[in-house]
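# An overview of the molecular structure
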Amino acid sequence: RRVREAVVSTQSTGKLDEYLEGQSEPLNNVVEFKVKDDILVERISGRMIHQSSGRTYHEVFAPPKVPMTDDVTGEPLMKRPDDNATVLKRRLDIYHEQTAPLIEFYQKKGILRSIDAMQSPEKVFKDISAHFTH
């Protein structure tokens, strides 16, 4: 089985379905990860990255031993300029505006699988796996 990730607009939804069917790979599952907006803002705005290694930290969930300092090298960590509450809230507004019609479209087709992504990563993985193993 293949898993494809795509972000599509309402205008391109039909075209994507048409394209995949033409490739003999019709879209038969769409997964929606449901997370409350305030939790997404907390998760993303607390992110810190060690640029050269890609190691990630989080102010609350996985803080470095020394604030804004990589645990391995002692080098400074960075925060992406767009990982802030103002930008995220604007991006979430756009996401909801553009996604609501897609959710409804795929729900009507009977291929939407909604996953509660506010659970532990292990539980989310188990829920996803359950949709694809039966």
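A short tour of the structure in this document, coming up.

## A look at the packing of aromatic side chains
Applying the stated criterion across every chain, the model contains one aromatic pair. An angle of 85 degrees between the planes, with centres 4.9 Å apart, marks the rings of Phe105 and Tyr106 as edge-to-face.

## Some words on the environment of Met118
Within the element layout of this structure, Met118 appears in the loop between strand E4 (112-116) and helix H4 (121-132). Judged by relative accessible area, Met118 falls into the partly exposed class, the value being 34%.

## Describing unusual backbone geometry
Positioned with a positive phi, Met68 is a non-glycine residue whose angle comes to about 55 degrees. Structurally, Met68 can be placed in the loop between strand E3 (56-58) and helix H3 (85-109). Judged by its relative accessible area of 33%, Met68 falls in the partly exposed class.

## Overview of the nonpolar core
One finds Leu16, Leu20, Val30, Ile103, Tyr106, Ile111 and Leu112 forming the largest nonpolar core, which totals seven residues. Looking at this core, the elements that each hand over two or more residues are helix H1 (10-22) and H3. When residues no more than four places from it in sequence are discounted, the contact partners of Ile111 are Leu27, Asn28, Asn29, Val30 and Tyr106.

## A look at H3
With 25 residues, H3 ought to run about 36 Å at 1.5 Å a step, and its terminal C-alpha atoms sit 35 Å apart, in line with that. All buried positions along H3 are accounted for by Val87, Leu88, Leu92, Thr99, Leu102, Ile103 and Tyr106. Two or three places before Thr86, at the start of H3, stands the capping residue Asn84, its side-chain oxygen 3.1 Å from that residue's backbone nitrogen. With its phi angle positive at about 80 degrees, Gly110 sits one or two positions after the end of H3.

## Brief notes about the pattern of salt bridges
Side chains that carry opposite charge are capable of pairing whenever their charged atoms lie near each other. Counted under the stated rule, the structure contains eight salt bridges. The closest approach of N and O atoms between Asp127 and Lys123, which form a salt bridge, is 2.7 Å. Pair noted here: Asp127 and Lys123 are both in helix H4, with a separation of four residues, about one helical turn. Residue Asp127 is classed as buried on the basis of its relative accessible area of 19%. Relative accessible area serves as the criterion here: at 34%, Lys123 is assigned to the partly exposed category. Connected via shared salt-bridge partners are Arg47, Arg80, Asp82, Asp83 and Arg91.

Scoring rules and cut-offs
Residues numbered from 1 in each chain as written. Predicted model: local features only at pLDDT ≥ 70, side-chain atom pairs only at ≥ 80, totals over all residues. Heavy atoms only, no water. Phe/Tyr/Trp six-rings, centres within 6.5 Å; stacked < 30°, edge-to-face > 60°. Helix = DSSP H or I, 4+ residues; strand = E, 2+ residues; numbered from the N terminus. Buried < 20%, exposed > 50% of the residue type's maximum accessible area, 1.4 Å probe, protein only. Core = buried A, V, L, I, M, F, W, Y, C linked by side-chain atoms within 4.5 Å. Contact = heavy atoms within 4.5 Å. Expected span 1.5 Å × (residues − 1). Polar contact = N/O pair within 3.5 Å; in protein donor to acceptor, adjacent residues only side chain to side chain. Salt bridge = Lys/Arg side-chain N within 4 Å of Asp/Glu carboxyl O.

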